[in-house]
Protein chains: 2
Amino acid sequence: IMNGAGNLMDFLDEPFPDVSTYEDFHTIDWLREKSRDTDRHRKITSKSRESFWELVKSLLDAWSGWVVMLLIGLLSGTLAGVIDLAVDWMTDLKEGVCLSAFWYSHEQCCWTSNETTFDDRDKCPQWQKWAELMTGHSEGAGPYVLNYFLYVLWALLFSFLAVSLVRVFAPYACGSGIPEIKTILSGFIIRGYLGKWTLLIKTVTLVLAVSSGLSLGKEGPLVHVACCCGNLFCSLFSKYSKNEGKRREVLSAAAAAGVSVAFGAPIGGVLFSLEEVSYYFPLKTLWRSFFAALVAAFTLRSINPFGNSRLVLFYVEYHTPWYMAELVPFILLGVFGGLWGTLFIRANIAWCRRRKTTQLGKYPVLEVIAVTGITAVLAFPNPYTRRSTSELISELFNDCGALESSQLCDYVNNPNMSRPVDDIPDRPAGPGVYNALWQLALALIFKIVITIFTFGMKIPSGLFIPSMAVGAIAGRIVGIAVEQMAYHHHDWIIFKNWCRPGADCVTPGLYAMVGAAACLGGVTRMTVSLVVIMFELTGGLEYIVPLMAAAVTSKWVADAFGKEGIYESHIQLNGYPYLDVRDEFTHRTLATDVMRPRRNDPPLSVLTQDSTTVEDVETLIKDTDYNGFPVVVSTESERLIGFVQRRDLTLAIKNARQKQDGVVSSSVVYFTEDVPQLPATNPQPLKLRRILNLSPFTVTDHTPMETVVDIFRKLGLRQCLVTRSGRLLGIITKKDVLRHMAQMMNQDPESIMFN
Amino acid sequence: IMNGAGNLMDFLDEPFPDVSTYEDFHTIDWLREKSRDTDRHRKITSKSRESFWELVKSLLDAWSGWVVMLLIGLLSGTLAGVIDLAVDWMTDLKEGVCLSAFWYSHEQCCWTSNETTFDDRDKCPQWQKWAELMTGHSEGAGPYVLNYFLYVLWALLFSFLAVSLVRVFAPYACGSGIPEIKTILSGFIIRGYLGKWTLLIKTVTLVLAVSSGLSLGKEGPLVHVACCCGNLFCSLFSKYSKNEGKRREVLSAAAAAGVSVAFGAPIGGVLFSLEEVSYYFPLKTLWRSFFAALVAAFTLRSINPFGNSRLVLFYVEYHTPWYMAELVPFILLGVFGGLWGTLFIRANIAWCRRRKTTQLGKYPVLEVIAVTGITAVLAFPNPYTRRSTSELISELFNDCGALESSQLCDYVNNPNMSRPVDDIPDRPAGPGVYNALWQLALALIFKIVITIFTFGMKIPSGLFIPSMAVGAIAGRIVGIAVEQMAYHHHDWIIFKNWCRPGADCVTPGLYAMVGAAACLGGVTRMTVSLVVIMFELTGGLEYIVPLMAAAVTSKWVADAFGKEGIYESHIQLNGYPYLDVRDEFTHRTLATDVMRPRRNDPPLSVLTQDSTTVEDVETLIKDTDYNGFPVVVSTESERLIGFVQRRDLTLAIKNARQKQDGVVSSSVVYFTEDVPQLPATNPQPLKLRRILNLSPFTVTDHTPMETVVDIFRKLGLRQCLVTRSGRLLGIITKKDVLRHMAQMMNQDPESIMFN
C-alpha cells in the first residue's frame with residue numbers, strides 16, 4: 001500500500017504503482033490484480049536466489065495456497081460439524097429434554113441409555129417431553145397443548161434471538177449469501193461481507209434459525225460461512241490479503257468446501273463452485289478446491305455429527321433397478337420441479353420487492369416473529385412438518401425395508417413371504433400409508449407457501465433443503481401412486497413388461513429423490529453439479545439417468561418462463577453489478593452507442609500530457625467522481641497516451657504538495673517521459689508518468705457490443721476507452737455495460753446499480 | 001462462403017463478410033467466429049417471427065446441439081463396444097480358436113459351453129489352443145514352441161496390417177491423437193485429422209494394434225475416435241460445420257464422451273475434457289458434454305462387451321478400510337509414479353526426436369514389425385505379459401477372495417477359518433505368490449522399457465493402459481510386501497495399532513490401484529479428473545484420500561523435473577502452435593519487444609485508406625504471405641483505421657476485376673466511408689470498406705507481454721496490432737507470441753512452427 005513519499009520515490013522500478021485497495025462497492029480490475037501478482041512473484045523469485053532465508057520464504061510463499069486450503073477445509077468442516085450438533089440438540093429442545101444430560105439430543109440421549117432396543121430407539125426413559133417433565137403425564141389433550149405451546153414458544157425465542165443478533169451485530173449475516181458471493185467473486189467489493197463478525201454471527205444465528213423450525217436450510221449459508229473462513233485465512237498471507245484477484249481464487253475454493261460439507265459431496269462441491277458460483281475459475285484452483293473440499297468433508301466425517309460415519313447428509317441404498325417406463329413419471333416430476341421453480345422465483349421476488357419498497361421492510365424483527373409463529377403453529381400438528389426438514393427428506397428418500405416402522409412403510413405384509421430383507425415385493429398400502437399421503441399433501445402445500453415468505457427474511461436462510469423437501473414430498477406421493485397402480489394393475493400394458501406380480505418394481509424413495517433433484521434444479525438452475533451431488537448421495541451410476549431426465553426437464557420448463565435462477569433474480573433485485581457469464585448478448589449495438597459522453601453530454605474529462613496544471617487537476621478531481629481520467633497528447637489531437645487512476649492522482653498530488661518543494665497550484669503536470677527545460681521563473685513541474693497506466697484497454701467505436709461484453713467478462717475489465725483512428729472518443733465502464741444490457745432487455749437501467 | 005458478386009453486393013447489411021474457411025495449419029480467430037455465430041443466430045431469430053416454417057427451423061437449430069451430442073454418444077459408444085469385442089476376439093485368436101464358432105473369444109466360447117463349472121471356466125473343450133488343434137497334443141515342449149511361434153506370427157501379422165493401413169490410407173490415424181486434439185481445440189486447423197477416413201482407419205487399426213499385444217492401450221485413441229465422430233456429425237448441421245468455434249465446442253464434448261467410454265467414467269470424462277483437453281470450455285457445453293458422456297456410457301453398457309453389465313473397465317470392490325499408516329507406502333508409490341513419469345517422458349521424447357531426425361523415421365513399418373517381434377517374443381513366456389494388459393490390470397486390482405484361483409492369490413489358508421467369504425484375514429503367502437512376484441518384477445521392467453519405444457510409432461497407441469499397468473504392478477508388489485510384513489511382524493510399532501493378528505488389514509489390490517493412479521498422474525499430470533475416474537471405478541469416497549495422496553505426490557515429484565506432461569511434450573516436439581492455458585508467463589517484456597517489424601526490419605506492410613491502387617494491393621499480396629494488412633489513414637500519420645484479411649482482399653479484387661466495369665490496375669482502393677467525386681478521366685474507384693474490419697484488436701507498445709499473452713489466450717486472438725498514442729507501430733501474431741515465449745524459456749524459437 002502506498003503510504004508515503006518513500007514509496008513514491010521507489011516507483012521508478014515498478015511498472016505499476018502498488019496502490020491496491022479499492023473502495024467499497026467498487027469493481028476490481030482483474031488484469032491489474034493479475035499483473036500485480038506477477039510482479040510480486042517475480043520479485044520473490046529474483047530475491048530467492050540471494051540467500052537461503054529468501055529461498056525458504058519463497059517456498060513458504062509457494063506453499064501458502066495449500067496451507068490456506070487446508071485451514072479452510074479444517075475450519076469449515078469443524079464449523080459444519082458444530083452447527084449440525086447444535087441444530088440437532090436445539091431442534092429436539094423444542095420438544096423435550098434429556099434427563100441424564102441436558103446437552104444431549106434426543107438421539108444421543110437414547111444412545112447412551114442401555115435400556116433401548118433397536119425397535120423403539122426413539123422411546124427411552126431418559127428423554128422426556130416438556131409436558132411429561134412438568135405435569136408427569138404424557139398422554140391426553142392437556143400435555144399435547146402444553147407441548148404445542150412450548151414448541152411455539154421455543155421457536156419464537158430462537159428466531160427472535162437470531163434476527164436480533166443479525167440486526168445488532170452483523171446485518172450481512174442474513175439470507176443465503178450466495179447471490180452476494182457470486183457478485184463478490186465476479187470482482188465486486190463489499191467490505192465486511194466476509195468478515196469475522198459475519199462469520200461468528202452467521203454461524204450462531206444459522207443454528208438458531210434452523211432450530212426454530214422455519215422452512216429454511218443450512219446449505220446456502222454454509223457456503224457463506226466457508227467463504228468467511230476463506231477470507232479470514234487470506235488475511236494471514238499477504239499474497240492473498242493484498243491482492244483482490246488472488247483472494248477470489250481462495251474464495252472459489254472455499255465455496256466448494258462449503259457445499260462439500262453441506263451435502264458431504266466433495267466432487268459436487270467443486271462442480272457447484274465451478275458451475276454456479278465462480279466467475280474466474282483458473283484450472284489451477286480446480287485441484288486446490290478439490291483439496292479443500294476433501295479436507296472439509298473428512299473433517300466433518302471425523303466429527304461424525306450424524307453418528308453414522310457417513311459423509312453424506314442423506315445416505316440411500318436402493319435394491320431394485322428402474323425401468324424405462326418409469327421415465328414418464330420422472331419427467332412429470334421434472335415438469336413439476338420446473339413449475340415450482342418458476343412459481344417460487346416469481347412469488348419470492350415479488351414478495352421481496354414488496355418488502356424493499358413498502359413499510360414491511362422496516363419491521364424485520366416483527367416479520368420474522370410473525371412468520372416463525374405461523375410456521376410453528378401450523379407445523380406442530382402434522383408429524384411431517386414438526387420434525388426437522390432434513391429428517392423429513394431423509395425418511396422420504398429411504399426405501400421401506402422390513403424393519404422400517406414408520407407410517408410411510410405401513411404396507412400390508414404377505415405372511416407367506418420369506419424373502420431376504422432387502423428384496424421385498426410390492427405390497428398393497430395399509431391405512432398408515434393412506435394417512436401419511438394426506439399428511440404429506442398438506443405438508444407439501446404448507447412448505448410451498450411458507451418457503452416463499454421465509455426466504456429473504458433478515459435471518460440466515462438457505463433454499464436447498466426447503467426446495468428438496470417440496471420435491472421429495474411430491475416425488476414420494478407420485479412414487480406411492482405408481483407403486484400401488486403397478487401392484488393393483490399388473491395387467492395394464494404399461495406395467496406388463498416389467499412388473500410381474502410379487503416382484504419389487506417400484507421404489508418410492510427413488511421418486512422422492514428424483515423429485516428433490518427436479519425442484520432444486522428448477523429453483524437454482526444447477527445442472528451438472530446437481531446431478532453429481534445426487535450421484536454422490538446414491539453412490540451409483542445406476543440412477544443417474546432418472547436424475548438427469550428430471551433435472552433437464554425441470555431446467556427446460558423453468559427456462560421457458562424465465563432464464564434466471566433464484567440467485568440471479570436476487571442479484572438483480574438488489575442491483576448488484578454482476579455480469580453473468582452465461583447471458584448471451586445478441587443485440588447489434590456498437591461501442592459508440594454505449595460509450596460516454598453521449599451525444600449531448602459535456603465532453604469527456606481528460607488530462608493532457610503536458611499542459612494541465614495542478615490546480616486544473618484538483619478542480620477536476622473535486623468536480624467529478626470518476627475513478628480515473630484518460631490522458632491525451634493535447635485537447636486538439638485527442639490522441640490517447642494513457643489512463644490515470646483518480647486515487648493515484650489524489651495521493652500523488654497530496655504527497656507532492658507536502659514533500660516536494662516548489663510544487664504549487666500553477667505547476668504544470670507532466671505525463672511525458674521528458675520534461676522540457678523550463679525558465680527558472682516558472683513553478684516547478686510535477687512529473688507523474690510513473691502513475692500513468694501506459695497500456696489502457698481500448699476498442700474502436702465500431703466494435704460490436706457483443707465483443708465488448710465478451711472482453712469485459714473474460715478479462716475482468718473495469719473500464720475500456722473508445723477510440724476512432726487513434727483519437728479518444730469516450731469511455732465505457734462495467735456499469736455502462738450493465739446498464740446497456742438492462743436497457744436492451746427492456747429493464748429499468750437504473751436498477752442496475754448497487755442500492 | 002463468399003462465392004460470387006451476388007454475395008459481395010449483399011455485404012452492406014452484414015457487419016462481417018461471411019468468409020469462413022481458414023487455410024490448413026492456420027489459427028482461427030475465436031472472436032470473429034463467435035460474432036459470426038451471433039449474427040447467424042440473430043438472423044434466425046428475426047426470421048422465425050416471419051412464418052411458422054421458419055419458427056420450426058429455428059427450433060430445430062436450437063436443438064441441433066443436443067441432437068449432435070446424442071449422435072456422438074450413440075456412435076462413440078457403439079464403436080467402443082465393437083472395438084472391445086473385436087480386441088477380445090483377436091487377442092484370443094493369437095492363442096487358439098473356438099471350435100463351436102470361430103468368431104467367439106475364449107470367454108464367450110466357454111460361456112456357451114454347458115460343460116463348464118464356475119471353477120475352471122477358462123478350460124472348456126470347445127476352446128483349443130493352436131498346437132492342440134494342429135498336433136492333438138497340448139502338453140510338452142513341442143506344442144509350447146508351436147504356440148509360441150504362432151503367437152508371435154499373429155502379433156506380427158496384426159501389427160503389419162495396422163501400420164500398413166495407417167500408412168496407406170490415413171497417416172493421421174497414428175499415435176494417441178490427444179496432443180493434436182488439444183492443438184485443434186485451441187484453435188488450430190489440421191484438415192483431415194478428424195475426417196471420415198481417419199475415423200474408419202483408426203478404429204480398424206486400433207483393434208489390430210491392441211490385439212497384436214504391443215504395450216499400448218485404446219483409451220487415448222478412443223478420444224480421437226470420439227472426436228472424429230463429433231466432427232462427422234458437425235457436418236450435418238451448418239451451425240457447426242461452418243463455424244470453427246462452434247465446432248470446437250462439439251469436439252470438447254466428444255472428447256468427454258471418448259474418455260467416458262474408455263473407462264466407463266462419465267463424470268471423469270467431462271472433467272478430463274475440462275482439465276486436460278479443452279481450451280475454451282464455455283459452461284453451457286459442460287451440460288452437453290455430460291449428456292454426450294452419459295449417452296456414450298449407456299450405449300456401451302447396453303452392448304455389454306465385458307459381459308458383466310458393468311459400466312467400468314476395472315470394477316473393484318474392497319472390503320476393508322485403509323489405515324493412516326498406509327499413507328507412507330501410498331506416498332512412496334506416488335514418488336515412484338512421478339519418477340516413472342519423468343523417466344518415461346524424457347526417454348520417449350528423446351527416442352521420438354531421434355526418430356524424427358535420423359534414418360529411423362524412414363522405416364516406420366520395419367520399426368513397428370521389429371518392436372512387435374521383440375514384444376511378442378519377450379511377452380509370451382511370462383503369463384503376466386502374455387495376456388492383454390487390461391486383463392493384467394484387472395487381476396492386479398482385484399482383492400483375493402476365497403474363490404480366486406490365480407497364482408497371486410495362492411496364500412496359505414488357515415484351516416480353522418470359518419469367516420464369510422469377503423472378510424479373509426491376512427495370511428502368509430504361498431509359493432505361488434512368491435513365484436508371481438518374480439514374474440511381476442520381470443514384467444515391470446519389460447513394460448517400462450518397451451513402452452518407451454512403443455508410444456509414438458506409426459500406429460494408434462494410447463498411453464493410459466501401459467502407464468496404469470506399470471503402476472499396478474509396482475503397487476501390487478508393494479502391497480504384498482506390506483501385507484506380509486504386517487502378517488509376520490504384528491508386533492512392530494507401525495503395525496501394532498491397527499493390525500491385530502487374524503485381521504484383514506492390508507488390501508494389495510488397493511495398492512495396485514493407487515500405484516496405477518500415481519503412474520498415470522506422473523505421465524499425464526492429470527489431477528482432479530484422474531482422481532474422479534478412479535473414484536468412479538471404485539464407487540466410494542472411502543479410497544479417495546489414498547488416491548489423492550498418491551496423485552498429488554506423483555505430480556509434485558514429476559513437476560520438480562519438468563512442468564510438461566507427455567501430451568504437452570509431444571505438442572512441443574511436433575511444434576504445434578499451442579498456447580498453454582496453464583503456463584504462467586512471468587517475464588517483464590513489453591509488447592514493443594515482440595511486435596514486428598523488429599528494429600532493422602523493413603517497415604510494416606500497410607494499406608492506406610484512400611491512396612493505394614489496385615495494382616499496389618496486388619503487388620503487396622504477391623510479395624508477402626501475411627494473413628492480413630492493417631489499413632491506416634495515410635503513411636505519414638499512420639493512424640490505424642482497420643484491418644483487412646488477405647483472403648477477403650484477394651477475393652474482392654478478383655471479383656471486382658471480373659464483374660465491375662472500369663476497375664483497372666490504376667483504380668484507387670477506398671476504405672473510407674465516402675468516396676470523393678473523381679474527374680471522369682480517372683479510373684473508377686474500388687470501394688472496399690465492407691471487407692474492412694473496423695474493430696481490430698489493439699494494445700499499446702507499453703503493454704506488458706503477460707497481459708498480451710492473457711488476451712491472446714482468453715479471447716483466442718489471431719493477431720493484435722500495436723499502437724502508441726494512436727499511431728500504428730507493428731503487429732503481434734499468435735506465432736510471434738509463441739516464439740517469444742519459447743525464446744524466454746531458452747528454447748529454439750524456430751521449433752515453435754508447425755513442421
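Residues numbered from 1 in each chain as written. Chains lettered and ligands numbered in written order. Predicted model: local features only at pLDDT ≥ 70, side-chain atom pairs only at ≥ 80, totals over all residues. Heavy atoms only, no water.

Observations regarding the overall build of chain A
The helix and strand inventory of chain A stands at 29 helices and twelve strands. Overall, chain A is about 110 × 60 × 60 Å in size when its C-alpha atoms are taken along their principal axes. Long-range contacts, defined as pairs at least 24 residues apart, comprise 73% of the intrachain contacts of chain A with a sequence gap of at least 6. Entry remark: accessible area of chain A is about 30,400 Å², with carbon and sulfur atoms responsible for 59%. (Helix = DSSP H or I, 4+ residues; strand = E, 2+ residues; numbered from the N terminus. Contact = heavy atoms within 4.5 Å. Areas by Shrake-Rupley, 256 points an atom, 1.4 Å probe, with all protein chains shown as cover.)

Some words on the interface of chain B and chain A
In this assembly, 70 residues from chain B lie in contact with 70 residues from chain A. Between chain B and chain A, roughly 6,200 Å² of surface is buried when both sides are summed, and carbon and sulfur atoms account for 72% of that area. One salt bridge connects B:Glu706 with A:Arg42, and the closest N-O pair in it is separated by 3.5 Å. Taken together, chain B and chain A are joined by 13 residue pairs in polar contact (both at pLDDT 80 or more). If one sorts the elements of the side of chain B that touches chain A by residue count, helix 13 (residues 283–303) of chain B sits on top with nine residues. Here the residues of the side of chain B that touches chain A are counted per class, giving 38 nonpolar, 16 polar and 16 charged. (Buried area = accessible area lost by both parts, 1.4 Å probe. Salt bridge = Lys/Arg side-chain N within 4 Å of Asp/Glu carboxyl O. Polar contact = N/O pair within 3.5 Å; in protein donor to acceptor, adjacent residues only side chain to side chain. Nonpolar A, V, L, I, M, F, W, Y, C, P; charged D, E, K, R; others polar.)

Notes on the packing of helix 14 (residues 327–357) of chain A against helix 23 (residues 544–561) of chain A
Residues and elements named next belong to chain A. As a packed pair, helix 14 and helix 23 sit with axes 7 Å apart at the nearest point and diverge in direction by 40°. Read as a crossing pair, helix 14 and helix 23 show a hand that is right-handed. For the pair helix 14 and helix 23, contact is made by Leu327, Phe330, Ile331, Gly334, Val335, Gly337, Gly338, Leu339, Thr342 and Arg346 and by Pro546, Ala549, Ala550, Thr553, Ser554, Val557, Ala558 and Phe561, respectively. (Axes fitted to C-alpha atoms, helices over the stretch in contact; angles between N-to-C directions. Left-handed = near helix turned anticlockwise from the far one by under 90°.)

Concerning the pattern of salt bridges
Residues and elements named next belong to chain B. Applying the stated criterion to the full structure yields 54 salt bridges over all chains. For Lys555, the salt bridge is made with Asp559, and the minimal N-O distance between the two is 3.5 Å. With Lys555 and Asp559 both in helix 23 (residues 544–561) and four residues apart, the pair spans about one turn of that helix. Here Lys555 and Asp559 have matching classes, each one buried. For Glu673, the salt bridge identified is with Arg689, shortest N-O distance 3.6 Å. (Buried < 20%, exposed > 50% of the residue type's maximum accessible area, 1.4 Å probe, protein only.)

What to know about the pairing of strand 6 (residues 640–645) of chain B
All names here are of chain B. Where burial is concerned, most of strand 6 is hidden: six out of the six residues are buried. The pairing of strand 6 with strand 9 (residues 692–693) spans two bridges and is classified as antiparallel. Note that in strand 9 the partner of Phe643 across the bridge is Asn693. (Pairing = 2+ DSSP bridges.)

Looking at the state of the cysteines
Counted under the stated rule, the structure contains two disulfides over all chains. In this model, A:Cys98 is linked to A:Cys109 through a disulfide, with the two sulfur atoms separated by 2.0 Å. Residues A:Cys98 and A:Cys109 are joined by a disulfide whose S-S torsion is about 80°; by sign, that bridge is right-handed. Placement of the pair is A:Cys98 in strand 1 (residues 96–98) and A:Cys109 in helix 4 (residues 106–112), with a sequence separation of eleven residues. No difference in accessibility class separates A:Cys98 from A:Cys109, as the two residues are buried. B:Cys174 takes part in no disulfide bond, and the closest cysteine sulfur, belonging to B:Cys352, lies 10 Å away. Note on B:Cys174: relative accessible area 15%, which makes it buried. (Disulfide = S-S within 2.5 Å.)

A few points about the relation of the copies chain B and chain A
Laying chain B over chain A is done by rotating through 180° and shifting 0.0 Å along the axis; what remains is an RMSD of 0.0 Å. A rotation of that kind, with that shift, is consistent with a two-fold axis. Rotation axis and chain B: the residue whose C-alpha lies nearest the axis is B:Gly726, separated from it by 1.7 Å. With an isologous cut-off of 70% or more, the 100% of interface residues of chain B that recur at the interface of chain A puts this contact in the isologous class. (Least-squares fit on C-alpha atoms with pLDDT ≥ 70 in both.)

Things to note about helix 28 (residues 705–715) of chain A
All names here are of chain A. Of all eleven residues making up helix 28, ten are buried, and the element is well covered by its neighbours. Within helix 28, burial applies to Met705, Glu706, Thr707, Val708, Val709, Asp710, Ile711, Phe712, Arg713 and Leu715. A positive backbone phi angle near 65° is found at Gly716, which sits one or two residues after helix 28.

Regarding the domain arrangement of chain A
Segmentation of chain A into domains returns domain 1 (68–303), domain 2 (326–400 + 426–573) and domain 3 (591–751). For domain 1 of chain A and domain 3 of chain A, the distance between their C-alpha centroids amounts to 47 Å. (Domains from an automatic or database assignment.)

Some thoughts on the sheet that holds strand 11 (residues 719–724) of chain A
All names here are of chain A. Spatial strand order, 10-11-12: three strands in an open sheet with mixed pairing. Single-partner strands in this sheet number two, and they are strand 10 (698–700) and strand 12 (727–733). Sheet twist, expressed as the mean angle between neighbouring strand axes with direction ignored, is 35°. Contacting strand 10, strand 11 and strand 12, helix 28 crosses the sheet at an angle of about 60° to strand 12.

Examining unusual backbone geometry
The omega torsion across A:Arg596 and A:Pro597 is 0°, close enough to zero to call that bond cis. Within the secondary structure layout, A:Pro597 lies in the loop between helix 25 (591–594) and strand 3 (607–608). Backbone geometry at A:Arg525 places phi at a positive 60°, although glycine is not the residue there. Take A:Arg525: it is sitting in the loop between helix 21 (508–524) and helix 22 (528–538). The class of A:Arg525 is buried, set by a relative accessible area of 5%. Positioned with a positive phi, B:Glu638 is a non-glycine residue whose angle comes to about 55°. Structurally, B:Glu638 can be placed in the loop between strand 5 (628–632) and strand 6. By relative accessible area, which is 28% here, B:Glu638 ends up partly exposed.

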